[in-house]
Amino acid sequence: MYKEDFPFFENTNSVYLDNAATTQKPKVVVDKVVDYYTHFCANTHRSNFGDANKATKEFENTRELLKQFINAKESKEIIFTKGVTESLNMIASTFAKKFKTIIISSLEHHSNITPWHMQGRRLHDGLEVVNTKDNLEFDFEHFEELLKANPNSFVSITHVSNAFGTKHDIKRIVTLAHKYDSYIMVDAAQSLAHFEVDVQDLNVDFYAMSAHKTYGPTGVGAIYIKEELLKDVSTYQTGGATINDVSFERSIMLDSPYRYEAGTQNIAGVVGFGQALTYIKDIGIKNIFEIEEELYKYLYNELEKIPGIIFYNNSSNTIGSRSFNIENINCEDIGILLDKMHIAVRAGHHCAQPIMKKLNIDGTIRASIGFYNTKDDIDKFIVGLKKAITMLKD
Ligand SMILES: Cc1ncc(COP(=O)(O)O)c(C=O)c1O
């Protein structure tokens, strides 16, 4: 029934199970973006006429909505970016740069690996990777060993793996990181749309978010920075709208968040993001979690019945995505056949090549769920998958 809210589904009969890549956008979000361009298209925080003031008000309203959505303490802790990738890069090239050691998990997206390599860090030379257990669970003992050997490090870890859906126990990870005087950034690309997040309760230092994974527009996201750390995060990019006063001798920057938001922002995107947050809030994130959990269990039960299926992790601690292979069949071949049947999943390495290499596989088939999906979508997917397997086995 929620599909009715999404124009995409009016125009297609496709089964869309690629929500981990990006979610569809509800009409209210599309309308909001059009509303900005049609009725109050003006720059923010600059001019002082009616439409410009409205644009600024709507832009700042999103900051307030996001603050409430993740239970941040202050609006200035929310800084808009292009998405998770830019949020991670921003902190990597400012606050985190000075740390001798960066600790990441084995399940990271390339966005949380390559920024560290770009700083010249290599495995065991400025970059440490926490092992996973056989079922892809986070190895807490190894994590503590790494922290003991490298106190005062910077930990950067995904909340939920995009490749396998494994959810990390962030609260426990944060507690351990802080015990060893380390700071922690969390990649929330795969969490914000699926379950309630409370950054104060999690006690994270940095939390990187993306609108397009959260029923909002592409090219916009945010980084949460804990208030007490703002003074230690240097500016990332500078220019228009970041300064208090400039002469040819020097620039005096504004306070957060403006000092970090250089140049004209993705105003339509930010305004649309606010609408997406309102849309989710109206449905209720707890409600979304329950809907998805039921769908997810159904998907897992149906997949489990397929002969030759290979899973890499437990379903109990898995959110949003289910990743698998079928014995002796190339995952990309299955993806191609499913596409011909108008079933959209992702087949490949999901921008997480290192864990694929560790598992000695090229990739997986990943079906990822949004709350608008139905059991009927899953049935169609399973029928298509069985058909593809039969075709490829013959
Ligand atoms: C876990 C994870 N981190 C980072 C990213 C990159 O996010 P964005 O597209 O917002 O830059 C993604 C997107 O696939 C992701 O799934």
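Residues numbered from 1 in each chain as written. Predicted model: local features only at pLDDT ≥ 70, side-chain atom pairs only at ≥ 80, totals over all residues. Heavy atoms only, no water.

Caption draft 1: View of the pattern of salt bridges. Applying the stated criterion across every chain yields a total of 19 salt bridges. The salt bridge partner of R63 is E60, with a shortest N-O separation of 2.8 Å. Linking R63 with E60, this pair stays in helix α2 (residues 50-69), spanning three residues, or about one helical turn. Of the two residues, R63 and E60, both sit in the buried class. The closest approach of N and O atoms between E261 and R63, which form a salt bridge, is 2.8 Å. Taken together, the residues span a long stretch of sequence, with E261 in the loop between β11 (251-253) and α8 (267-283) and R63 in helix α2 at a distance of 198 residues. Considered together, E261 and R63 belong to a single accessibility category, that of buried residues. (Salt bridge = Lys/Arg side-chain N within 4 Å of Asp/Glu carboxyl O. Helix = DSSP H or I, 4+ residues; strand = E, 2+ residues; numbered from the N terminus. Buried < 20%, exposed > 50% of the residue type's maximum accessible area, 1.4 Å probe, protein only.)

Caption draft 2: Representation of the site of the ligand. Taken together, 13 residues sit near the ligand, with T85, D187, Q190, S210 and K213 positioned nearest. Here S210 contributes a side-chain N or O atom positioned 2.7 Å from an oxygen atom of the ligand. When the ligand is considered free in solution it has 390 Å² of accessible area, and contact with the protein chains removes 87% of it. A class-by-class count of the residues in the shell around the ligand yields two nonpolar, nine polar and two charged. (Near = heavy atom within 4 Å. Polar contact = N/O pair within 3.5 Å; in protein donor to acceptor, adjacent residues only side chain to side chain. Areas by Shrake-Rupley, 256 points an atom, 1.4 Å probe, with all protein chains shown as cover. Nonpolar A, V, L, I, M, F, W, Y, C, P; charged D, E, K, R; others polar.)

Caption draft 3: Structural detail: the domain arrangement of the protein. As assigned here, the protein comprises domain 1 (2-17 + 284-388) and domain 2 (28-282). On a C-alpha basis, the centres of domain 1 and domain 2 stand 27 Å from each other. Contact with domain 1, which involves 34 residues of that partner, is made by 29 residues of domain 2. Each partner contributes to the roughly 2600 Å² buried at the junction of domain 1 and domain 2, and carbon and sulfur atoms together form 56% of this total. Our count for the domain 1 to domain 2 interface comes out at one salt bridge. Here E196 makes a salt bridge to K286, at a shortest N to O gap of 3.7 Å. Looking at the side of domain 1 that touches domain 2, the elements that each hand over two or more residues are α9 (285-304), β13 (321-326), α11 (353-358) and β16 (364-368). Per-class residue counts for the side of domain 1 that touches domain 2 are 16 nonpolar, 13 polar and five charged. (Domains from an automatic or database assignment. Contact = heavy atoms within 4.5 Å. Buried area = accessible area lost by both parts, 1.4 Å probe.)

Caption draft 4: Summary view of the sheet that holds strand β15 (residues 346-348). If you trace the four strands from one edge of the open sheet to the other, you get β12-β13-β16-β15, paired in antiparallel fashion. One side of each edge strand has no neighbouring strand; the edge strands of this open sheet are β12 (309-311) and β15. Pairwise comparison of adjacent strand axes, ignoring direction, gives a mean angle of 35° for this sheet. Alignment of β12 against β13, held across three bridges, turns out to be antiparallel. Counted as the bridge partner of I309 is I326 from β13. (Pairing = 2+ DSSP bridges. Axes fitted to C-alpha atoms, helices over the stretch in contact; angles between N-to-C directions.)

Caption draft 5: Region of interest: the nonpolar core. In terms of nonpolar packing, the biggest core is built from 63 residues, with L66, I70, F143, V204, Y207 and M209 touching the most fellow members. Structurally, this core is a two-domain feature, drawing no fewer than three residues from each of domain 1 (2-17 + 284-388) and domain 2 (28-282). Apart from the residues lying within four places of it in its own chain, the contact partners of Y207 are H159, V186, A188, S191, L192, V197, V199, L202, A222, I223 and Y224. In this structure, C331, V345, I365 and I382 belong to the second largest nonpolar core, which totals 26 residues. (Core = buried A, V, L, I, M, F, W, Y, C linked by side-chain atoms within 4.5 Å.)

Caption draft 6: Quick peek at empty space enclosed by the protein. Enumeration according to the criterion identifies one cavity of 30 Å³ or more in this entry. Each pocket or cavity is described by its volume, and for the largest cavity that value is around 40 Å³. Considering the residues around the largest cavity, the lining is formed by N19, A20, V160, Q190, H194, I319, G320, S321, S368 and I369. In the lining of the largest cavity, the residues fall into four nonpolar, six polar and no charged. Looking at which domains feed residues into the lining of the largest cavity, each of domain 1 (2-17 + 284-388) and domain 2 (28-282) supplies at least three. (1 Å grid on protein atoms, 1.4 Å probe; cavity = no way out; pocket = protein on both sides within 12 Å on 5 of 7 lines; lining within 4 Å. Points joined across faces, edges and corners; volume = space filled by probe spheres on them.)

Caption draft 7: Geometry of the sheet that holds strand β2 (residues 78-81). On the basis of which strands lie adjacent, the open sheet formed by eight strands has the order β2-β9-β8-β7-β6-β3-β5-β4 and mixed pairing. Pairing within the sheet leaves two strands with one partner each, and these edge strands are β2 and β4 (122-123). In this sheet, strand β6 (residues 154-158) lies alongside strand β3 (residues 102-105) in parallel orientation, the contact comprising three bridges. Within β6, the residue paired with I104 across the bridge is S156. In the packing of helix α3 (residues 84-92) onto the sheet, the strands contacted are β2, β6, β7 (183-187), β8 (206-210) and β9 (221-225), and the crossing angle to β8 comes to about 155°. Sheet contacts for helix α6 (residues 170-179): β6 and β7; angle to β7, the most-contacted strand, approximately 155°.

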